[in-house]
Amino acid sequence: MDINKFKYCINLSYSKDTCHKELQEFWDEENKTLGHCALVALKFYELFGGDIIKVDVENSLFGHYYNVVNNEIFDITKFQFKNNEKFSNPRIKTYVSVLSDEEFKERYKLFRQKKQLN
């Protein structure tokens, strides 16, 4: 799968039931990427490799995930941020550490079952 097809398929795969549980009440079609960054970063990693990066988000209780491959940033879900939020404290996360949360595992299982991603 190439990156453009990946972006297209991911865009069709967002849903309220796969959004981070604490953000589901804010999720809607206007901001489909909200609460999906870790899911997308993990799926991107499975297909393209590279590094999974987690950053802190200014004035937020939640972090943000994106990918870096060959020093190029791929932040597929950056559009969830509407107020020019600032990121800090970037760190590499392993595939296993991202999958270590049970609630996340369940959402990721639902997300991966979407026909667009197979």
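### Re the layout of surface pockets
Reasoning step 1: Of the volumes computed, that of the largest pocket is approximately 570 Å³.
Reasoning step 2: Forming the walls of the largest pocket are 28 residues, and the residues nearest its centre are His20, Leu23, Cys37, Phe62 and Gly63.
Reasoning step 3: Here the lining of the largest pocket takes three residues from helix H4 (residues 102-112), the largest share from any one element.
Reasoning step 4: Residues belonging to the lining of the largest pocket are distributed by class as follows: 12 nonpolar, eight polar and eight charged.
Reasoning step 5: The calculated volume of the second largest pocket comes to roughly 260 Å³.
Reasoning step 6: Taken together, 16 residues make up the lining of the second largest pocket; nearest its centre are Tyr14, Thr33, Asp75, Ile76 and Phe79.
Reasoning step 7: Every element with two or more residues in the lining of the second largest pocket is listed here: helix H1 (3-13) and strand E3 (72-74).
Reasoning step 8: Looking at the lining of the second largest pocket, the element that brings in the most residues is H1, giving three residues.

### Observations regarding the nonpolar core
Reasoning step 1: Counting 26 residues, the largest nonpolar core has Ile10 and Phe104 as its most contacted members.
Reasoning step 2: Where this core is concerned, the elements lending two or more residues are H1, helix H2 (37-48), strand E2 (63-69) and H4.
Reasoning step 3: In this structure, Ile10 is in contact with Val40, Ile76, Phe111 and Leu117, ignoring residues within four places of it in sequence.

### Side note on the sheet that holds strand E4 (residues 87-93)
Reasoning step 1: Across the sheet, four strands lie side by side as E3-E2-E1-E4; this open sheet has antiparallel pairing. Edge positions in the open sheet fall to E3 and E4, since each of these has one partner strand only. Here the strands of the sheet are splayed against their neighbours by 35° on average, with no regard to which way each runs.
Reasoning step 2: Judged from the five bridges that link them, strand E1 (residues 51-57) and E4 form a sheet pairing that is antiparallel.

### A closer look at the pattern of salt bridges
Reasoning step 1: Applying the stated rule across the entire model yields five salt bridges.
Reasoning step 2: For the salt bridge of Arg112 with Glu46, the shortest nitrogen-to-oxygen distance reads 3.8 Å. Of this pair, Arg112 sits in helix H4 while Glu46 sits in helix H2; the two residues are 66 residues apart in sequence, bridging distant segments of the chain.
Reasoning step 3: A relative accessible area of 37% means that Arg112 is categorised as partly exposed.
Reasoning step 4: Residue classification places Glu46 among the partly exposed residues on the basis of a relative accessible area of 29%.

Definitions and cut-offs
Residues numbered from 1 in each chain as written. Predicted model: local features only at pLDDT ≥ 70, side-chain atom pairs only at ≥ 80, totals over all residues. Heavy atoms only, no water. 1 Å grid on protein atoms, 1.4 Å probe; cavity = no way out; pocket = protein on both sides within 12 Å on 5 of 7 lines; lining within 4 Å. Points joined across faces, edges and corners; volume = space filled by probe spheres on them. Helix = DSSP H or I, 4+ residues; strand = E, 2+ residues; numbered from the N terminus. Nonpolar A, V, L, I, M, F, W, Y, C, P; charged D, E, K, R; others polar. Core = buried A, V, L, I, M, F, W, Y, C linked by side-chain atoms within 4.5 Å. Buried < 20%, exposed > 50% of the residue type's maximum accessible area, 1.4 Å probe, protein only. Contact = heavy atoms within 4.5 Å. Pairing = 2+ DSSP bridges. Axes fitted to C-alpha atoms, helices over the stretch in contact; angles between N-to-C directions. Salt bridge = Lys/Arg side-chain N within 4 Å of Asp/Glu carboxyl O.

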